[in-house]
Amino acid sequence: MGVRKRVTRYRHARAGAALATLLTGAVVLTPGAAVAGAPGAGAPVCEVRDERLTEISGMVATDTGYVVVNDGADNEARRQIFFLDRRCAVVRTVGYPSRPRDTEDLAIGSDGTIWVADIGDNDRSRETIALWRLAPGADRPVLHRMAYPDRPHDAEALLLDADGRPLVVTKGGSGTVFLYAPATALRPAATTPLALVGQVVLPASTTSNPYFFVGRGVVTGAASAPDGRRVVLRSYADAFEYDVPDGDVVAALTTGTPRITPLPDEPQGESITYSRDGRSLLTVSESANQPPGTRPAILRYPTPTGPAASPRPPEPSTAGPEPSTAAPASPAAGNAGAAGNRTWPVAAGAGTLVALLGLAGVLRWRRAARG
């Protein structure tokens, strides 16, 4: 991205966070000079020092380290699959045979296959989304195109079920997200139709994060435990872990009640994975819109052991029998309507109007910066 765009992105991000803090009293911490994840409760594992990795949007853990990808980047050097050792140093890269659109998450199969989710769509204008499949030891991923059955969706999270079937989790906007799966087997030379297979309502949260209540109602990453008996969805604020006792990931997400791990004040948390022993959750944030010199850091959180979360109150502004029958709604509208009964300390009159204007500014920045 150009220098002007990056400076504008940083200024808008800081302005939006400052406004949210002023209006609500929420504590939005500024990251330390060296580590992007320092303000959070997670324990630092290692810093990613490679200058190409400033927009990490997906991560999986391997026996020898980690695999990460950036989201959509104009710089060709950043459009690769990066293999890191346990100290977060890049030891290998794999390029794409053609240009990806917006790579947002990673998943790893039981055989070590890496799946890259090229599913981001901020403008909701893509005719197809894609998965890139990188077999163990391969030097080039294979492209699989897919198409939604209703309309385009922005998505940043990918899971694999017990049979290795990919599940795309939409980003949402006010706590409700949708699950899509291929209706037929994936084929490299064809566009596979997707089918809507479920809807997930995230639990309520009050965790501090740079995007205030908007950040608590979107899904920015997902992962499966190595033994397949748990899955986790993450927002900008929290991780929601679901038990999968019988291998049915869709049933677990749509009928289960998750345990919550707060991920407070991660600068722009879009990645999550399990450690290889399944005892920890690992996260990493983007650092491109942070103060100069800030580096992304992988953080470790213990897997949750407490009681399950309380359900999120219904949100009529975004609810519908399925996406194809519900009118599209902007994230700003959905969250403004639901905020009063969920997490926003209610302000009257002019205070509410100013808050909504500030939220609109943050959302405009997110749309422009990630487009």
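Use the structure listed above.
Residues numbered from 1 in each chain as written. Predicted model: local features only at pLDDT ≥ 70, side-chain atom pairs only at ≥ 80, totals over all residues. Heavy atoms only, no water.

A.B. asks: Looking at this model, I keep getting lost on the sheet that holds strand β19 (residues 280–285). Mind explaining?
C.D. replies: Each strand in a sheet pairs with another by means of backbone hydrogen bonds, the pair being arranged parallel or else antiparallel. Pairing within the open sheet is antiparallel, and its 4 strands lie in the order β1-β20-β19-β18. The open sheet has two edge strands with one neighbour each: β1 (43–47) and β18 (269–274). Direction aside, the axes of adjacent strands within the sheet are offset by 30° on average. Bridge count for β19 against strand β20 (residues 297–302) is 4 bridges, and the pairing is antiparallel. Within the sheet, the bridge partner assigned to L282 lies in β20 and is R300. (Pairing = 2+ DSSP bridges. Helix = DSSP H or I, 4+ residues; strand = E, 2+ residues; numbered from the N terminus. Axes fitted to C-alpha atoms, helices over the stretch in contact; angles between N-to-C directions.)

A.B. asks: For this particular structure, what's the right way to read the environment of D85?
C.D. replies: Mapped onto the elements of the fold, D85 is located in strand β4 (residues 80–85). Owing to a relative accessible area of 23%, D85 belongs among the partly exposed residues under this scheme. Spatially, the C-alpha atom of D85 lies 9.9 Å from that of A61, the residues being 24 residues apart in sequence. Contact partners of D85, with chain neighbours within four places excluded, come to T64, G65, Y66 and V91. Among the polar contacts made by the side chain of D85, one reaches the main-chain amide nitrogen of R87 at a distance of 2.8 Å. (Buried < 20%, exposed > 50% of the residue type's maximum accessible area, 1.4 Å probe, protein only. Contact = heavy atoms within 4.5 Å. Polar contact = N/O pair within 3.5 Å; in protein donor to acceptor, adjacent residues only side chain to side chain.)

A.B. asks: In this structure, what is going on with the sheet that holds strand β17 (residues 259–262)? I would like to understand it.
C.D. replies: The antiparallel open sheet is built from 4 strands, whose spatial order is β14-β15-β16-β17. Every other strand in the sheet has two partners, leaving β14 (221–224) and β17 as the edge strands with one partner each. Across the sheet, the mean angle from the axis of one strand to that of its neighbour is 20°, orientation sign disregarded.

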